[in-house]
Each structure stands twice: as structure tokens, then as C-alpha cells.
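Fold and geometry: a report
Take a look at the letters that make up each chain.
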Amino acid sequence: IPAPNPALKDKPLQSLLLSTQSRYLKDGTREYSIEAATLIQTTQGLSALGNVIIPWQPQISELVVHKVRILRDGKEIDLLKGGQPFIVLRRENNLESAMLDGVLTAVMQPEGLGVGDVLDFSWTVRIKPQGVPFRPENLTALVHGYSIRHVRYRELWQEGLPIRWAATDAIGKPKVTKTAWGTELVLDRSDAEGPELPTSAPARFGAPARLEISGYADWNEIGRLMAAFYESAARLGPDSPLKAEIDRIAALGPDPKKRTMAALRLVQDRVRYFALAIGDGGYVPEKADRTWSRKYGDCKGKTVLLLALLKDLGVEAEPVLVSSESGDLIGARLPQVAAFNHVIVRARIDGRSYWLDGTRLGDRDIDMLGSSPFFWGLPVRAAGAPLEALPMMPPARPLTDASVIYDASKGFEAPVPISGQIVFRGDLAQALRLTVSQNGTDGIKDQVASWIPGPAATDNIEKVDVRTDDDAGTATVIFSGKLRMDWPRAPGTDALRFRLQDGTIQWKADFSRPDKFKDVPFSLEFPAYLSATETIILPRGGQGFALDGHDLVRDVAGAHIERRLTLANGRAVARSTFRILQRELPAKEAAAAGAILDQVNADRAYVRSPAGYRATAEERAAVIAAQPVSAQDYVTRGYELMQADRLTEALADFDKAAGLAPNWSTPIADRAIALLYQNKTDAAAAALDRAAALSDDDFATWQGYGLLHLRQDKPGEALEALTRALALDASNEFTLTQRVQAYEQLGRFDEAAVDLDRVLKVKPNDGWATGEMARLDGRRGKEAEAIAATDRLIASQTADDAIAAYMLKASLLSRFGHADDAGQAWTKALDLTDKAIAAASANAERRRALANLRIDILSRSGQAVLAVAAASAELKRQPGNANLLNSRCWTRATHNLELDRALADCNEALRFDPQNAAITDSRAFVKLRLGRLDEAIADYSDALKRAPQLPASLYGRGIARLRKGDKAGAEQDLAAARRLAYDIDSRFREYGVAP
């Protein structure tokens, strides 16, 4: 036993010695000995090596334990000599797999074993000659990641035994010598470890360091060895009850395919799987009649039962040995019986092979059995047969075929009905049938959402049913429910779009490997055939809707990927399929596939609404009328209620959403926005702080902060918040318009214009954005552009809406010194207003609003006397109206007209509305003009207590302070006002007031 390797001192265990010896005698006796010495380096290693466990089958072998000892500090503790016993257990480790193999297990828990000890033990299993004359065979391999300080493999075979051996380069070259008894092969290595394995490689690359021994000249000998046992077991007795089953199947008709499937169904469905692998039972099949009477059998028993049926039904068939574990490694190995752990039947019909596995369940389509999942097969024939590569063809039909229909015919503002089905075939169908039989449909309800193409979640599924077709071998899940479809704004447009599912055709294959494995092929997940269909029944008969995307057909990396899109008769349909066509992919093809797969995975398809699409009043009403279930439902309805100015109800819905999802920030942020619309800024600010504490990346929270800061006249803070919101949703036009206002207040006109350009590209006919761009161009001195924008605005507006457009044009013309043209625009605005007032005689509220607008037009167009008269006339209709009194006060004050009367108007207005900051600001301006500076400063300060960021009050107080000689206080106020309103100086100059 060598000293430990210092480089491995941190491992839980260190294997110091692994010595195996195998001896093969001409009488069929085989002996396998092993000695292992392992150093325990940590408590974790002690737990892993706490027991000595030795399994063997006493029916065919005997166990001899040579030694169990602990080596500690140069001393030996002999546990066998000390009398520590083994306990023999009957443990059927494979019982859960329906197998009895008769294995016993000798177990010893070494007393006194501790960290730092070396546990050294050895034993021999001697296999006696059996009923089947097996020849010598053995396979050993080194594993990557497990280094052995000293490894020694020794193989001995008696003179006269024809033994072949093979060793890969990675395990080393053994030394072979002749002895008086026979032949000795020895492989001796230090610090031995298997090489690193390539990821996702075929099985033949999975054991690069191996040594094999075989007494078989070729694979034919193994088939010949087993043939007699299968031939004998498949013979039926003269009174076999199976003959009645054969007659019943024959009566179905002469079609050999139908007969074959009927026989296979009988074996699969009426004979359960259970294996008795005790003694020779692991290799010798039970007789067909015995298996039928028991109604259970293993793969061998089911195989001979199927062979017996097919023989009497006139179908050519033979057994074929296969491996369910070794993959394609068998083709690279020496002939060994242990290479196989399963047996199936090959049936030949019309010159074609069909591969039948009696241990499976649910096979119904013989055409699907034209290929085999096993890589290699060895026909069991008396004449012998070579190892044969088994065919594996892609499935002809999808193994899963899902379809879903979104019924958005009544709009997609509210949750839409969804329905559909998922058809499972092959093993998946059988697995589903088993699940449903054990747990009912409730057992799969949570999984249905993951099988549906698209954004469905478990909560969206209301009903689930499962229907099976035993003859077709399918299981179909039928579902229905409701789903909220996500139709975000398409970037750069005024259209909405719904993303069609890409999961079926997206393939995130990783074909990266170190250069040393650059030539190793990749193993693919074969077979795979998935299909999904999405159908969207569009609102308004699909008029104006379109598809964003294209058909996609690619053969790449051994797979066929396809998507077909159609839009007709008010339905948008996407059909996607993904089908792997081969078992493995050459390395060169894998290297070239990466870029193509990236393109496929990035390819998206959408259903796009018409430009300017908005939900109809009926569709919005449906959202409001729908009873919410989830937090998202309450948020959606709350938003619609807020848009309808039903703020109290909106707040209730946001509260319900927050109660259902207390850690979700969006309903709290939406609640804050509703509070802002109610002018409850303090409550809104508190709600936004709560939302921000839950999430730092919620769009609604930052949009809410932006709106709050704009109301607080804090454009800098508003700009920062709105910019963060746009980083989360760059296409939100409303947020862009709010940032435009923040930029304007800061005098950053070029940046405001950039945002407006983005809005106008999406909504080229938007009246607010067009007018705002005209104002911006005017402030930037772009006269022609500004006037042209107002003309476009006027041309696109109705007569009533054009009033504001003419007012804007008039103010711009005045700014650029075109007094006559400005006067004509004011006259046009006034004329339209008078006509609107006349038309609104039956609508008192609208008539009052238009009357107030007429006063503003007269005042701003320089017709102060007429404006005062109009206000006086309106006050006779609305006595005590504080806003009208303030309008008359402000008109007189800004035109320096009848200041005593102006002061009286403001005082009277404050009597009706004493807390109104705007009226207080108007009175302060009157007092400024009257030279009553202390009173003006007092009123301005009072207004600023209610509206701390009011630019006019800051500017007016600054002028008053400057005139009193308080230069420092004046400069502070004036600077603050200019930060809040870029054009405050020009506005006051228009009034004839300047610092």
C-alpha cells in the first residue's frame, strides 16, 4: 500500500490501492478477487466509507472474505481476527423495478474506524459452473475525477482457454506472460485516473480508459449459445391455453401487421412485468406457457411468449439481445454476454423489420415500431449472427401536439376565453394515462399550463379533461379557461402587438467544448418531435390586423425547425414544429450551427393591431364589468376605472390587488397615481415610497414619482424619475410627454424636442404633441417651423378644438413680431369661441367653460377692457365665482388697468376661496404694481406656503425684495424661479414688470 498523494490531501477519501485479480478455469469456474485500501481524510469521507458491503448470489457463487483491517500509525488492527462479524442481509435492491435476483449482501461496520485511518479489505467471489456454459469475460475502467495511487489489474486464464483482450490507449498497455498454469495479463499503474470526458457525447466516448477480457471469438457465439434456450421456451404444449388466444387473433383477419399488434398488445397488456433473475433465471427464459399461466414475466419470458404467438400466427420473428444502458458503446467492445441487459423481438413483415418490446405498455402503431431506441442488437439464432446496428428513424407524427385558441373576438382588454388540447403519443401517452389512473385529472392540472404554447399559467386553467384512445395509443388533454393577453405597444408605432409563442422552435443548444474535444460528435435528444398551434380569433373581424414575422423553415444541427403563419377570416394562426432527425451531430456541423441557431432563436412573430388601435367603449366596459380574480385582474380593472375618472372605485381595486399580492409594487404605485388625480399629493408620495421599498425597477413607481414631482413644480426630480421609468418601458408615449414638460420647465428645449419627435413618429396626428412642438420651435426661434406646425394642427382639428390651435398661432406670431397676423389669429379664435358658445346654449357647464376661454382670449389679445366687461357679464350669471373674480383681477393687473378694482376683485375671490394659492399670487402682483411692497412680499410668501415651487410667486417676491433693497433675498428668489420656469423673465416683461 503506497503513501498518500499530498496533492489530494483535501479530498474526503483517497484510494491508495485497488488490486483486482480474475481467474478463469476450463470447467467454467470464474473467480473475481479485489483488494481496496482507502485513506479516510475527512468526516465526510468517514460517512461515505463507514461500511464494508459485499454483494453476491449464493445460488451461483460463493463469497470468501480474506481480510478486513484498519491501518493506523504503522499498526494493523485485524477486524476478522478480532472476531468482528459480518451480517448477511437479503436485500432486493431491484424489487421496485419488479425484479428478484437472489442477491445477498454481507455487511460489516468496522468498529473504531476514524479519520486518518486506512481501511484495507479484500474478498473473492467464486462463480460455479452453470447450466449455461458461459465463457470468461470482464470489463474494468478508470473514472475521471477519481485518482488511484496504485492500481493493479491481473487476469489469469487456464491453458487451453481461447481468451481475447483489448485495452484502450488511455488505460495503458498490459503485460502478458505465459505460465505453467496458463496465461497472465497484468496492468500496473500509479496515480491512475480516467481522462476527462466530452460533454453531450455519444456513449462510445464515455469509457475511454477500459480493459476487456472475452472468451468469445465473435458475437455470433453468444447468439448461438442462447438460441437453444429461446427456441425451447417458445414451444407451446399440445393443450396450451395460448392456442385460444392465437385463434382469437387469427380471426381478426389475415393482415400480418394487425396480427402482430394484437399479439404485442396481449403480451404488453395482460402479462405484467416481473423478473425472477435467481441463478440461471437471469439469462434463461421461462417457458411461454408458464409465463402465460403466471400472468407475469420478465423481458425474456415476454419475448418467448410473443415469439410463440407470432409463430402460430404466421409471422416471422426472432429474439434480439440489446442494451438499455450502453448506447452505442457495444459496437466498440469485445463480445460479452454482460453487454446486454434486455431482449426484444424482431418481426419481419413484407421484408421490413419491426422491433417489438413486450415489457413496454401502450404500443398501438406498428409503423412507429419500424425503428428501435437501442443502438445495437444481437439476433439469437442457432446459426449465429453478427452484431447489428438497429435503425432509429424520426417519428412520423408529433410526440406532443399542442393547440390553443385565444378568443379575442370581443377585444383583449379583459381576460379572453382560451381552449385547446394537447395530444400525446408513444411513451408520453402511456405515462399520462398512468398518471391519470393513479391521481385523476387533478394530478395534471398544474402541468397543463407548461404544455400550452403561450403565456398561460396554472391560474388560467379552469377545466381539464383527459381522453384516451386505446386503439390509437394516444392520450389527449382538453382544457379551457381565461387568460389576459399581453398586447404592448409595438416599438416606433401606434399599434399594439401580441407575441406568438416561440418555445417550440427555440433551441438553446450548447455546442461549446474545449479544443481537445473539437472532433467529438454531439449526442442529440433523439427522438424528439414537438408541434404547437396558436390561433387568435381577432376583434372586429380582424380588420386592419397584420402579421409581424415570416414563415421559418430551417434544417440545422440535425433538426428540422418550422413555423408557418397565416391570417385569414379574422384568425391569426401560427403552426410551429421542432423535429430532431438524427441521433448525433458531427462536430463540424455543430460548430457551424451556432450562428444559425442564434438567428432562429432571435426570430419572433407577432400579431399586430391597426395603427391607433384603441379599445372601444364596449370593450373597456367589459373590463370594468368583469369580476376580477387575480391581483393582475384588479390592477387592470383599476386602470380602466382610473381612465374613466372613477377614482374611488379604482383605488378600491388597487387596494384589493395589493391585498392579494402584498409584495407587488405596481398596485401601490397605481394607487399613488390615482391619489395624484385626486390632488392628494402627500398620500400619493407616501404610497410611492412604499412601492419603491418593494421594488426598485417598477415602471409604474417611477412614472408616479415623475407625475408627483411635476405637480410639486420640481422639474429636475421629475426628469430623473421619468427617465428611470422610460428605461423600463422606452415606448410609453404618456411618460415621454411628461418628460417633455420637465425638459421645458428646465429650458432644455432641444431634449424636449427629441422626446416629442419620438411621440410624433408613433402618433403623427397627435394634437397635443403637434402643438407642443410648435411651442418648442417658437421658444427655439424656429419661426417657420413653429407656424407651419400650428397650421398643420389647425387643419387636423375640429372647429371647437381649433380654438386652442389659433390661440397658439396668435401667441407665436406675437412673439415673432407679426402683430397684424397675430390679431387675425386672435379674431379667428374669438369667432370660433362665440360660435361654440351659441351652439352650447343647452349645455350650461360647457357654455361656462367656453365663456371663461373667451375672457382669456380677449385678455391675451390685448383687449383688456372687453375682457373685463366679459368677465363682469359672466359674473352676473355666476355671482361669487372665485375663478371669474380672479380672472378679472388678473386681467386688470397684467394690463395695469384699474388696480384698485383689481385688488377688490382679488379680495372678493379670496373671500370665497381663501386657500387658493393662484388667487393669492394675483393679489400679490396687484400690490407689487401699487408699490405696496411689504404686503406684496407677505402675499407671495403666503402663496408659496401652499405651492412652494410656484415660479410666478418666487419671481414676483424677488422683484419686490429687489425694490426694497434686499439684493441677496431677491437673487435667491429670482434664481429659484428661473430654475422652475425658463421663460419667467419674458412673461413678466410682457406685463411690463422687470427686475
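Before reading further, recall that the structure is shown in the block above.
Residues numbered from 1 in each chain as written. Predicted model: local features only at pLDDT ≥ 70, side-chain atom pairs only at ≥ 80, totals over all residues. Heavy atoms only, no water.

**With respect to helix H8 (residues 442-451)**
Operational definition: Burial classes follow relative accessibility: with a 1.4 Å probe on protein chains only, a residue under 20% of its type's maximum area counts as buried, one over 50% as exposed, and anything between as partly exposed. Only DSSP runs of H or I covering at least 4 residues are called helices, and only runs of E covering at least 2 are called strands; the numbering of each starts at the N terminus. Throughout, the arc means the angular range of directions from the helix axis out to the C-beta atoms. Any pair of residues with heavy atoms lying within 4.5 Å of one another is described as a contacting pair.
Those residues of H8 lying buried are Ile444, Val448 and Ala449. End-on, the buried residues of H8 take up no more than an arc of 155 degrees, which puts them together on one face. Facing away from the buried side of H8, by more than 90 degrees, are the exposed residues Asp446 and Ser450. Looking at the packing, one finds that the buried side of H8 touches strand S25 (416-425), helix H7 (427-439), strand S26 (461-469) and strand S27 (474-483).

**Concerning the pattern of salt bridges**
Our working definition: The salt bridge criterion pairs a side-chain nitrogen of Lys or Arg with a carboxyl oxygen of Asp or Glu, the two atoms within 4 Å.
Across all of its chains, the model carries 81 salt bridges by this definition. A salt bridge links arginine 204 to aspartate 328; the nearest nitrogen and oxygen atoms lie 2.3 Å apart. Note that arginine 204 is positioned in the loop between strand S14 (182-192) and strand S15 (210-214) and aspartate 328 in the loop between strand S19 (316-322) and strand S20 (342-349), a separation of 124 residues in sequence. Look at aspartate 328 and you get buried, because its relative accessible area is 9%. One salt-bridge network, in which partners are shared between bridges, spans Glu35, Lys67, Arg69, Glu76 and Asp120.

**Remarks on the packing of helix H11 (residues 631-643) against helix H12 (residues 647-660)**
The condition is simple: Lines are fitted to the C-alpha atoms to define the axes, a helix being fitted only along its stretch in contact, and any angle between axes, read from their N-to-C directions, falls within 0 to 180 degrees. By the definition adopted for this analysis, an angle is roughly parallel if under 35 degrees, roughly antiparallel if over 145, roughly perpendicular if from 65 to 115, and oblique otherwise. A crossing counts as left-handed when the near helix is turned anticlockwise from the far one by less than a right angle, and as right-handed when that turn is clockwise.
Relative to each other, H11 and H12 sit at 165 degrees, their axes nearing to 8 Å. Classified by the angle between their axes, H11 and H12 sit roughly antiparallel to one another. When the axes of H11 and H12 are compared, the crossing they make is left-handed. For the pair H11 and H12, the contacting residues are Ala631, Tyr634, Val635, Arg637, Gly638, Tyr639, Leu641 and Met642 in the first and Leu647, Glu649, Ala650, Asp653, Phe654, Lys656, Ala657 and Leu660 in the second.

**Topic: the nonpolar core**
For clarity, the threshold we go by: The term nonpolar core refers to a set of buried residues drawn from Ala, Val, Leu, Ile, Met, Phe, Trp, Tyr and Cys, joined through side-chain atoms within 4.5 Å.
Among the nonpolar cores identified, the biggest contains 50 residues, and Trp219, Met226, Leu306, Leu310, Leu321, Phe340 and Leu356 are the most heavily contacted of them. Take this core: its biggest share by element is 8 residues, from helix H6 (residues 299-312). In this structure leucine 310 touches Thr260, Ala263, Val315, Ala317, Val345, Ala347 and Leu356, once residues within four positions along its chain are discounted. Ile418, Ala475, Phe545 and Tyr613 belong to the second-largest nonpolar core, a separate cluster that totals 37 residues.

**A short note on helix H29 (residues 951-963)**
Rules: The length a helix should cover is 1.5 Å for every residue beyond the first.
Over its 13 residues, H29 extends 18 Å from the first C-alpha to the last, a length consistent with the 18 Å expected when each residue adds 1.5 Å. The buried fraction of H29 is high, at 10 of 13 residues. Within H29, burial applies to Pro951, Ala952, Ser953, Leu954, Tyr955, Gly956, Arg957, Gly958, Ile959 and Ala960. The inward-facing, buried residues of H29 contact helix H27 (917-929), helix H28 (933-946), helix H30 (967-980) and helix H31 (984-990). Positive phi shows up at glycine 965, right after H29, with a value of about 95 degrees.

**Examining the side chain of asparagine 916**
In plain terms, the rule: Counted as a polar contact is a pair of N or O atoms within 3.5 Å, where, for protein atoms, one must be capable of donating a hydrogen and the other of accepting one, and residues adjacent in sequence contribute only when both atoms are in side chains.
Along the chain, asparagine 916 falls in the loop between helix H26 (899-912) and H27. Engagement of the side chain of asparagine 916 in a polar contact is seen with the side chain of aspartate 913, the distance being 3.0 Å.

**So, the packing of aromatic side chains**
So the rule is basically this: Only Phe, Tyr and Trp rings are paired, with Trp represented by its six-membered ring, and only when their centres lie within 6.5 Å; those with planes under 30 degrees apart are stacked, over 60 edge-to-face, the remainder tilted. Look at NZ for Lys and CZ for Arg. If either is within 6 Å of the ring centre and within 35 degrees of the ring normal, a charge sits over the ring.
Within the structure shown, the criterion is met by 22 aromatic pairs. Their ring planes at 70 degrees and their centres at 5.0 Å tell us that phenylalanine 424 and tryptophan 451 sit as a pair that is edge-to-face. Highlighted residues: phenylalanine 424 in strand S25 and tryptophan 451 in helix H8, separated in sequence by 27 residues. By relative accessible area, phenylalanine 424 is classed as buried at 7%. Overall, the relative accessible area of 25% leaves tryptophan 451 in the partly exposed class. Positioned over the ring face of tryptophan 181 is arginine 23, at 5.7 Å from the centre of the ring. One residue, arginine 497, lies across the ring of tyrosine 606, its end atom 3.6 Å from the ring centre.

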